[in-house]
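# Results of the structural survey
Each chain, letter by letter, is given below.
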Amino acid sequence: MKEDQIDVVFFNDPSTIHLLTGYLSEPHERILALMVFKEASPILFTPALDKEGAERIVSSMTVHSYMDTENPWQLIKQIIKSMQVDATQWAIEKQQLSVFKLEALMSEFPSSHFNHDYSPVIENLRIQKTPEEIEKMQEAGFWADEAIKIGARSLKIGVTELEVVAEIEYQLKKQGISHMSFDTMVLFGDNAANPHGTPGNRRLEENQFVLFDLGVMYKGFASDVTRTLFFGETPSEQQIEVYHTVLQAHDEAMKQASLSMTASELDGVARKIISDKGYGKYFNHRLGHGLGQGVHEFPSIMDGNDMKLIKNMCFSIEPGIYIQNEVGVRIEDCGYIDEDGFHSFTFFPTEISAYVDFIK
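Read on for a plain summary of the structure. (Residues numbered from 1 in each chain as written. Predicted model: local features only at pLDDT ≥ 70, side-chain atom pairs only at ≥ 80, totals over all residues. Heavy atoms only, no water.)

## Some words on helix H7 (residues 161-174)
Side chains that are three or four residues apart share a direction in an α-helix, a result of its 3.6 residues per turn. Between the first and last C-alpha of H7 there are 20 Å, a value that for 14 residues agrees with the 20 Å anticipated at 1.5 Å per step. Along H7, the residues classified as buried are Glu161, Val164, Val165, Ile168 and Leu172. Buried residues of H7 fall within an arc of 105° about the axis and therefore sit on the same side. Along its buried surface, H7 packs onto helix H6 (131-153), strand E7 (185-188) and strand E8 (208-214). Where H7 terminates, the next one or two residues include Gly176, which has phi positive at roughly 100°. (Helix = DSSP H or I, 4+ residues; strand = E, 2+ residues; numbered from the N terminus. Expected span 1.5 Å × (residues − 1). Buried < 20%, exposed > 50% of the residue type's maximum accessible area, 1.4 Å probe, protein only. Arc of directions from axis to C-beta. Contact = heavy atoms within 4.5 Å.)

## Digging into the sheet that holds E7
Taken together, the three strands give an open sheet; going across it, the order is E7-E8-E11, and neighbouring strands pair in antiparallel fashion. Looking at strand neighbours, the two that pair on one side only are E7 and strand E11 (225-231), the edges of this open sheet. On average, each strand axis in the sheet is inclined to that of its neighbour by 15°, with strand direction left out of account. Strand direction decides the pairing type here: E8 and E11, joined by seven bridges, are antiparallel. (Pairing = 2+ DSSP bridges. Axes fitted to C-alpha atoms, helices over the stretch in contact; angles between N-to-C directions.)

## Points about the pairing of E11
Burial runs high along E11: seven of the seven residues are buried. Covered by surrounding structure in E11 are Val225, Arg227, Leu229 and Phe231 together with Thr226, Thr228 and Phe230, the residues of both alternating faces.

## Topic: the packing of aromatic side chains
Applying the stated criterion across every chain, the model contains 14 aromatic pairs. Three or more aromatic residues joined by ring pairs form one cluster here, namely Phe10, Trp73, Trp90, Phe109 and Phe114. Against the face of Phe283 rests Arg271, its NZ or CZ located 4.0 Å from the ring centre. (Phe/Tyr/Trp six-rings, centres within 6.5 Å; stacked < 30°, edge-to-face > 60°. Lys NZ or Arg CZ within 6 Å of the ring centre and 35° of its normal.)

## Examining helix H5 (residues 119-127)
Inspection of H5 places Ser119, Ile122, Glu123, Arg126 and Ile127 among the buried residues, and these make up the whole buried set. Taken end-on, H5 shows its buried residues confined to a sector of 145°, consistent with a single buried face. Close packing links the buried residues of H5 with strand E1 (8-11), helix H1 (14-21), strand E5 (89-92), strand E6 (113-117), strand E13 (297-301) and strand E14 (314-317).

## A short note on the packing of H1 against H5
Interaxial distance between H1 and H5 falls to 11 Å at its minimum, and their mutual angle equals 60°. Judged on the interaxial angle alone, H5 and H1 are oblique. Remark: the crossing between H1 and H5 carries left-handed chirality. Here Ser15, Thr16, Leu19 and Leu20 of H1 come into contact with H5, specifically with Ile122, Leu125 and Arg126. Partitioned by chemical class, the residues of the contact of H1 with H5 number four nonpolar, two polar and one charged. (Parallel < 35°, antiparallel > 145°, perpendicular 65-115°, else oblique. Left-handed = near helix turned anticlockwise from the far one by under 90°. Nonpolar A, V, L, I, M, F, W, Y, C, P; charged D, E, K, R; others polar.)

## Brief notes about the side chain of Thr16
Mapped onto the secondary structure, Thr16 falls in helix H1. Among the residues examined, Thr16 registers a relative accessible area of 0% and is labelled buried. A polar atom in the side chain of Thr16 sits 3.1 Å from the side chain of Arg126. Sequence-distant contacts of Thr16, that is, excluding residues within four places in its chain, are made with Phe11, Glu93, Ile122 and Arg126. (Polar contact = N/O pair within 3.5 Å; in protein donor to acceptor, adjacent residues only side chain to side chain.)

## Details of the sheet that holds strand E4 (residues 62-66)
Spatial ordering of the open sheet is given by E4-E3-E2-E1-E5-E6, a layout of six strands whose pairing is mixed. Strands at the two margins of the open sheet, each flanked by one partner only, are E4 and E6. Direction aside, neighbouring strands of the sheet carry axes that sit 25° apart on average.

## Observations regarding the pairing of strand E15 (residues 320-323)
Residues Gly320 and Tyr322 line one face of E15 and the alternating positions Ile321 and Ile323 line the opposite face, and both faces are buried. When E15 meets strand E16 (residues 327-330), the two strands line up antiparallel, connected through four bridges. Within the sheet, the bridge partner assigned to Gly320 lies in E16 and is Arg330. Connecting E15 to the antiparallel partner E16 that follows it, the hairpin turn spans three residues, and Asn325 within it adopts a positive phi of roughly 65°.

Quick look at the structure:
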């Protein structure tokens, strides 16, 4: 901050505040903010109903709060004014701060400047996970595997996509997992050819693929896994070829991942396999994304990203082929990388016979 001549850094993303303070809360429409000052101790600003909980977690800084009947932005101005610190140059997370909230800050500090972006700073802080964070992500991965198992057991002819989603989330809640890391995706047949499809009332038929894409939040950390299970006994030649192509790309990328590679080079390992089989145009997204307190974090594992893979970086490997109105397959595991290679957080089998073998 001193080098960049920044007086105040304003954070309002709950996951960033969790990263920096250990305090985890979702304020919804209310204001939660961490303010770090060049010339004073930091302040955590919370809704009044959260103050007591915040003070139990955060002991190294003052916690200020506001009632719903109060204007939080005016209170922030009063607090900073009472501290008698310079607040001319502000840094914000431009990827996280809404226009509404930025304009509210600017209205209270009309002579200040909000030009500095701290999103890259936070992205770089998130890249390397600690052993404790990796342990939590391994636990989150365990519950993602459990979710796939629940989903697999619920498959039967005539069940709908939404019924399978409901069963997964109900059974997880019974075991203490209250939050998914994103909307659970269960897609049948050619609906799996929509990379970000929406589950609906489509009913399961014999000899269809079922794509599960899901994850849970565990102690503030996300998991993310995709399995495409074949429901039936006799896959078509197209289903077999597409599935094995994706599986080969997935397995080879996991096998070759190393600290000597760039994100672009790792993407290229999987993409070349799919392209060489003639399906290149049907692999229409990046190979992977960062993972941690958010389900999608920096960096992107994609063509053109020449960033070197870093020890204890956590990311996904998720190649896919999506032929509209015909067939869709994606296989995804998230994990971390170190000197010994890529270590997955999830372990549900990936063979095309995985469903039949699991049910037996």
